[in-house]
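Each chain, written out:
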There are 2 protein chains.
Amino acid sequence: MSTNLRIDGARLTARLAELAAIGATPEGGCRRLALTDEDRQGRDWLVNQLEGLGLDIRIDAIGNIVGILKGQEDGPAVIMGSHIDTVGTGGRYDGALGVVAGVEVLAALRDAGLVPKRDLAVIAFTNEEGARFHPDMLGSYVWAGGMSVAAAHAEVDSDGVGLGAELKRIGYEGAEQPGFLPAHAYLEYHIEQGPVLENEGGGIGAVTGIQAIVWLELTLKGRPSHAGTTPMAYRKDPGLAAARIAIFANELTKTIPGQLANMGVIRVQPANVNVVPETVTMTLDLRNPDDASLARAEEAVRSFCAELSVRDDIAISFRDLARFPATPFAEPLIAEVERSAAEFGLPVRRMISGAGHDAQMMSRICPTAMIFIPSIGGLSHNPAEFSTEDDIVAGANVLLSAAWRLANA
Amino acid sequence: MSTNLRIDGARLTARLAELAAIGATPEGGCRRLALTDEDRQGRDWLVNQLEGLGLDIRIDAIGNIVGILKGQEDGPAVIMGSHIDTVGTGGRYDGALGVVAGVEVLAALRDAGLVPKRDLAVIAFTNEEGARFHPDMLGSYVWAGGMSVAAAHAEVDSDGVGLGAELKRIGYEGAEQPGFLPAHAYLEYHIEQGPVLENEGGGIGAVTGIQAIVWLELTLKGRPSHAGTTPMAYRKDPGLAAARIAIFANELTKTIPGQLANMGVIRVQPANVNVVPETVTMTLDLRNPDDASLARAEEAVRSFCAELSVRDDIAISFRDLARFPATPFAEPLIAEVERSAAEFGLPVRRMISGAGHDAQMMSRICPTAMIFIPSIGGLSHNPAEFSTEDDIVAGANVLLSAAWRLANA
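Worth saying up front: this structure is predicted, and the values here are computed from it rather than measured.

Right, let's talk about the packing of helix 8 (residues 238-255) of chain A against helix 8 (residues 238-255) of chain B for a bit. At their nearest, the axes of helix 8 of chain A and helix 8 of chain B sit 9 Å apart, and the two run at 125° to each other. On the basis of their axis angle, the class for helix 8 of chain A and helix 8 of chain B is oblique. Viewed along their axes, helix 8 of chain A and helix 8 of chain B form a crossing whose handedness is left-handed. Packed against helix 8 of chain A, whose contacting residues are Gly239(A), Leu240(A), Ala243(A), Arg244(A), Ala246(A), Ile247(A) and Asn250(A), the element helix 8 of chain B presents Gly239(B), Leu240(B), Ala243(B), Arg244(B), Ala246(B), Ile247(B) and Asn250(B) at the interface. Partitioning the contact of helix 8 of chain A with helix 8 of chain B into residue classes produces eight nonpolar, four polar and two charged.

In structure tokens:
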């Protein structure tokens, strides 16, 4: 039966364009920072779409918007979702695609006059990007019980404006308790935000989980000295030590399977051409789909730093900026995604998600999986972020098929 | 005869303390930025000392202050000198020592009732540090004919205040043409500003010249990408390239004799933990006493960057921030410094100056040499900059002896 169900591609594309017009930037991207006026306009638009489908619409205390298609039986719902907030220089698809496609799945069922056995819902989670309020994935984190509503309301942005106050101001502090809708399964459809699918010939990504992540901030202290009058043997140069650490971390990616490493930030002080630096601050972003492998990489970095510290007389201290274990998704749901892709004759490959998503939080409370489509050039958090219309519609059909089966299982 | 001449150590120390009290900072250092009120007070104090010795005092159009002890014969003068301006967080000795010791040399001759054959003069050059106006060594540069008075007057500080206007304001735009006093020889006495003498057992440095210097700014452009979603093979990481260049430059110092290298500045953009940088700006300070060796080091860096650029697909561009050839001092004067040190039973070693000095400019127009004494801990441009009283007096005696012989040769 699901083979006859199809997303209305033109309508999906039109809805995406309508949402993209809200907070549109001159560069062709979107700026809808969480709980700003632009986010409110996006939310109002979304609620309007859900109303048009005659859904049961609920808003929870953290501003998560839920549209529910009542099923034939009571019980936990199949939930589709993502987010509609963006980073400051965001694109048109990150987050928006998963929400709008969820709306289209429900619209396709209504058009076909079909009612699933289970409730089928779409959620737009609050503040996924973390570009305005910390932490990122806040709405789904609260939904999954990881953070209290009160604690979330107490978060402030960089101007000191409170999240709770902003929720009230834009009219999206709802009456429901986050997590009020018990979940049978969660499916999130998202652009890949990386270059793998495009470079591997396109198709659908059946996401097997979200990799483990450690963000370290290293502070290296040496001895400032004059770069003209101080012989090399007398220097204690933390800049050179930082360079060695960056290269060591990069080399690890060649020996530890799945390992990623990035030195995204490096600051030297006093930062004069002719002064050997006194202090260097650098960050390392280390990721691996496997917790044990990531631990091995981190341990290797720490050992290398300990040796370097003794050899070059540089004091090196570490601070955790972030630390999350790997999030494996549910095998039956991953298989459903593969099956749906096959049903439409689409190439499909299992892959890890390099970035965090609301699915990471939802997997704490229910079986979860994600569907990826190619991001052209791997661009992400960029106004030029782009996925083709064919891929967008293909991914939405995979979502429709998998959600329909799960809602009737 | 010179063996009987001695610096009055207590008076030298007292004069240094008087000058150090002008612009004194809570940390024990000095802040007399060129042509500020503090610099004026220092100048007024210096002129007062020169008047006390009954010297012929002249100020030139760039504010260089000259005190002349008339010799028995007409002809070019033997000139001693340095500067009394400091960096923002300067010490008590950098520059001040050479000027005050020159005053004490003339005072010792007056006390002894001795008049040399040649004129013997002391100069305090304007804006040696370059901390307020560019370029550094400006007063001696203009004196040596490297820059016009008009061009120097047109220099502005970071607040847009003109050097010419400041000279007028503090009353030190003099009537003399810079360079008005022909020079037979120039001797500059200075703290080492590095750790070599202290670590080699102390004594006197007979400075053989100032090393060649190249300051390069490199701009590396890669491709910004998500550090979680972009496999290592797809990255174009200019931060990693910068690390490789810093280490390569450091390695060169082990294979090219006399070579120094420093990466004093590195800035990455966009500087987010989870973004592979798009652009890196870094500086390299390369120095060598030998011009050909420095050219070899620079060529090696450029070749390495060219290969790296192709291999890692990183665009690398270069900009010169500074470029000066080596300045060898005059062998007969270096030998005079050694002879004077030996006369006082002081250990003496030939050494290169790692930093620039007014002597660098003066060597363009006359035989030049410098006398160094140890800097404890190699500290420089630091309130904790320190040299012992014994070393200070010893170096001043070497200056006295060498200047006296040169002024009678």
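All names here are of chain B. Between its first and last C-alpha atoms helix 9 (residues 291-312) spans 31 Å; for 22 residues at 1.5 Å apiece the expected length is 32 Å, and the two agree. In this structure, the buried side of helix 9 is in contact with strand 7 (212-221), helix 8, strand 12 (279-288) and strand 13 (315-324). In the segment just after helix 9, Asp313 is the residue with positive phi, at about 55°.

This part covers helix 8 of chain B. Spanning 18 residues, helix 8 of chain B covers 26 Å between terminal C-alpha atoms, matching the ideal 26 Å at 1.5 Å per step. With respect to burial, helix 8 of chain B is a largely interior element, 13 of its 18 residues being buried.

Another point: the domain arrangement of chain A. Residues and elements named next belong to chain A. Domain boundaries assigned for chain A yield domain 1 (2-210 + 326-408) and domain 2 (212-324). Computed from C-alpha coordinates alone, the two centres of domain 1 and domain 2 are separated by 37 Å. On the side of domain 2, five residues touch domain 1, which itself brings four residues to the contact. Of the residues that constitute the side of domain 1 that touches domain 2, the class distribution is two nonpolar, two polar and no charged.

What follows concerns the pairing of strand 12 (residues 279-288) of chain A. Across a regular strand the side chains alternate sides, sitting on one face of the sheet and then on the other. All names here are of chain A. The element strand 12 is extensively covered by neighbouring structure, given that eight of its ten residues are classed as buried. Taken together, the ten bridges between strand 7 (residues 212-221) and strand 12 define a ladder with antiparallel strand orientation. If you follow Leu216 over to strand 12, its bridge partner there is Leu284.

What counts, and where the lines are drawn
- Residues numbered from 1 in each chain as written.
- Chains lettered and ligands numbered in written order.
- Predicted model: local features only at pLDDT ≥ 70, side-chain atom pairs only at ≥ 80, totals over all residues.
- Axes fitted to C-alpha atoms, helices over the stretch in contact; angles between N-to-C directions.
- Helix = DSSP H or I, 4+ residues; strand = E, 2+ residues; numbered from the N terminus.
- Parallel < 35°, antiparallel > 145°, perpendicular 65-115°, else oblique.
- Left-handed = near helix turned anticlockwise from the far one by under 90°.
- Contact = placed C-beta atoms within 7 Å.
- Nonpolar A, V, L, I, M, F, W, Y, C, P; charged D, E, K, R; others polar.
- Expected span 1.5 Å × (residues − 1).
- Buried ≥ 20, exposed ≤ 12 C-beta atoms within 10 Å, placed from the backbone.
- Domains from an automatic or database assignment.
- Pairing = 2+ DSSP bridges.

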